[in-house]
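The primary structure of each chain is shown beneath.
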Amino acid sequence: MLLLHKLRPSFTLLSSSSPLSFLSSSSSPRVYSTRSMATVDESSLRKALSDKQSALEAQGNAVRELKSSSAATKPEIDAAIEALNALKLDKSSIERQLQALMSNGEGTVNKEAFRQAVVNTLERRLFYIPSFKIYRGVAGLYDYGPPGCSVKSNVLAFWRQHFVLEENMLEVDCPCVTPEVVLKASGHVEKFTDLMVKDEKTGTCYRADHLLKDFCNEKLQKDLTISSEKAADIKHLLATLDDLSAEELGAKIKEFGIVAPDTKNPLSDPYPFNLMFQTSIGPSGSSTGYMRPETAQGIFVNFRDLYYYNGSKLPFAAAQIGQAFRNEISPRQGLLRVREFTLAEIEHFVDPEDKSHPKYSEVADLEFLMFPRQEQVSGESAKRVRLGDTVSKGIVNNETLAYFIGRVYLFLTRLGIDKERLRFRQHLANEMAHYAADCWDAEIESSYGWIECVGIADRSAYDLRAHSEKSGVQLVAQEKFSEPKEVEKLVIAPVKKELGVAFKGSQKNVVEALEAMKEKEALDMKATLESKGEVEFEVCTLGKTVTIKKNMVNIKKEKKKEHQRVFTPSVIEPSFGIGRIIYCLFEHAFYTRPSKAGDEQLNVFRFPPLVAPIKCTVFPLVQNQKYEEVAKFISKSLTAAGISHRIDITGTSIGKRYARTDELGVPFAITVDSTTSVTLRERDSKDQVRVDVEKAASVVKDVTEGQTTWADVWSTFPHQSSTATDD
């Protein structure tokens, strides 16, 4: 159930002061550094600017008075003008400092230029492109090309290995079309909405919160005249945007005078728009369905069968990879907010009374950036902490939730996500679903800011209970006792004869509502009946309140011996937005370096071999039949070893062929320049070694699969000069 709340973009500093210097980094793909400036710096700058403006206005008035006074001397006027000019220079200096702070040390040009460089490369090399491009495309829909499909396939294969195989999960594959009754039970039909506004003249639709968020961010970054108090108010509004009702959101849009971005026309009041694609099942059209907005519900409705398949034992986890669909009002930010996307979701079912995890100790000592709600509320930044400490201090709710947070961290960093630009942010109170025990998002920093890519939530028992109540099928687990236990149980016994007389045809609804009462509600009813003789009781299925009298129901606690405990399991849910992870990986892996001649910048994707679309390329140095035969032999050996590769026999120079494959992120290249041994080159260091033809495929296989490292290869085989073959 990932991504039900809004993106919260924020930016951090570029490490270089040159507007486009990120395009020439030859040593590292990292573009952004995670430096931050305290809010007090911005506040003091805004106050200083306000004070300087007041002083400037006062000095300007003084100059005008001197000029209009016959008693003023020229030296007095010149001195006053000099003071005025000094104040102007001071004001300009403060404005530059504030502008630098608000743009985090570099203007929006840098972020946009970097992003455009990445996107241009991705589209040119066919990692992904807009869908239906020849028909001008459809917003929020994208096609993955050959290298993009390979990266996605590799990410999903590692996801299966890292989670499904490692944790012995039960994988399922459920339909994308979901009957309406299922999504009514889960709450999606009623609540899966965003607030939308329309251009009152053209009818163009916009997401209301996006318009307000964009306005506030632009105001903070570009309007240097607002006071520190006003800036604080705007930041508070951004932080609480998800809490605003339709009426409050509409009032803010009117207060700020926000209009349609394209036409400047007035906007309608916000109203909810359900994000699900509706369809009908069958030719009659009488059975309503929806394209699923997530993959989780297919697991929940199959819980009883999965529990039986697992030998009726807890804990266990089920997993699913599949397409999900959301009819976004205004898709933007490329692969980050789309209408069809791939989710990989896990539902780990656990006893609510025991949320320990047997493998928790394997991740407890991990240290990484965590952003608990307390730090968010107090205006602090994320800090590197030991995961085990967050559990012992009660920051993370339980061991199982922490275990999956740790496993998600290992998964993302193994893919190639920069550790310094990955944090786990705890949901604030206003973000938490009422039934959730705790929830954390794995957020990855990109040029768009901090992007939620994985949600890890303790959803308690909400989902199974909701489907149990709607379907009438009990989705429960049992714990058998070695010896019978005496327990005190609440017994609710409706007196059907009295209820039948009082409610006639509605008797069944009232009986079911009484029997479904929670313990506290039932005990409160018992106390009221004993003191007053009757109580008002809401029957949801009737849509009204009825009067229950003392003779209509018996409520008491009885001691019974039980041989087993029946309960509804809680669920820990890690939910992965695969497209978002992949896009952030593209940005984290991208950098440029100068060509050997120094006359151009070459694009490089520093993909780990784990996710690289092609693991190795094979280049005959020249078009020579003997070299081509060796290349074919190595190709067959790589195929037998299961290593994806490509032979390039084009007549272009080796340097240009290296550059082409570097741009695809290929980690290794084999240059056939002899019939007995070949040159093996590593992409990022550009180091080269000599390897016997017969060993070439096995060396690439070992280093690609992590059985050895490039450092080991470098120390084992003779070094090859790069002057003759490299770019």
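Right above here is the structure, for reference.
Rules used in this analysis
Residues numbered from 1 in each chain as written. Predicted model: local features only at pLDDT ≥ 70, side-chain atom pairs only at ≥ 80, totals over all residues. Heavy atoms only, no water. 1 Å grid on protein atoms, 1.4 Å probe; cavity = no way out; pocket = protein on both sides within 12 Å on 5 of 7 lines; lining within 4 Å. Points joined across faces, edges and corners; volume = space filled by probe spheres on them. Helix = DSSP H or I, 4+ residues; strand = E, 2+ residues; numbered from the N terminus. Buried < 20%, exposed > 50% of the residue type's maximum accessible area, 1.4 Å probe, protein only. Pairing = 2+ DSSP bridges. Right-handed = clockwise from strand over helix to strand, strands pointing away. Axes fitted to C-alpha atoms, helices over the stretch in contact; angles between N-to-C directions. Contact = heavy atoms within 4.5 Å.

**A look at the layout of surface pockets**
When its volume is computed, the second largest pocket comes out at roughly 2,000 Å³. In this structure, the second largest pocket is lined by 47 residues; those nearest its centre are Arg465, Glu469, Ala516, Met517 and Lys518. Listing elements by their share of the lining of the second largest pocket, those giving two or more residues are helix H5 (180-186), helix H6 (188-191), helix H15 (462-471), strand E17 (477-494), helix H17 (507-515), helix H18 (519-532), strand E18 (534-539) and strand E20 (553-567).

**Looking at helix H21 (residues 654-664)**
Burial within H21 is extensive, with 9 of its 11 residues counted as buried. The positive-phi residue at the C-terminal boundary of H21 is glycine 665, with phi of around 85°.

**Structural notes on the pairing of strand E24 (residues 616-620)**
Extensive coverage of E24 is indicated by the burial of 5 of its 5 residues. The alternating pattern of E24 places Cys616, Val618 and Pro620 and Thr617 and Phe619 on opposite faces, both of which are buried. In this sheet, strand E25 (residues 645-647) lies alongside E24 in parallel orientation, the contact comprising 3 bridges. From the neighbouring strand, valine 618 faces E25, where its bridge partner is isoleucine 647. With helix H20 (residues 625-640) bridging E24 and the parallel E25, this β-α-β connection has right-handed handedness.

**Some thoughts on the sheet that holds E24**
The mixed open sheet is built from 5 strands, whose spatial order is E25-E24-E26-E27-E28. Only two strands of the sheet have a single neighbouring strand rather than two, namely E25 and strand E28 (688-692). Each adjacent strand pair in this sheet contributes to an overall mean axis angle of 25°, direction not counted. Note: E24 against strand E26 (residues 668-672), 5 bridges, orientation parallel. Opposite proline 620, over in E26, you have valine 672 as the bridge partner. Together, E24, E25, E26 and strand E27 (677-682) form the strand contacts of H20, whose direction differs from that of E24 by roughly 165°. Running at roughly 170° to E24, H21 makes contact with E24, E25, E26, E27 and E28 of the sheet.

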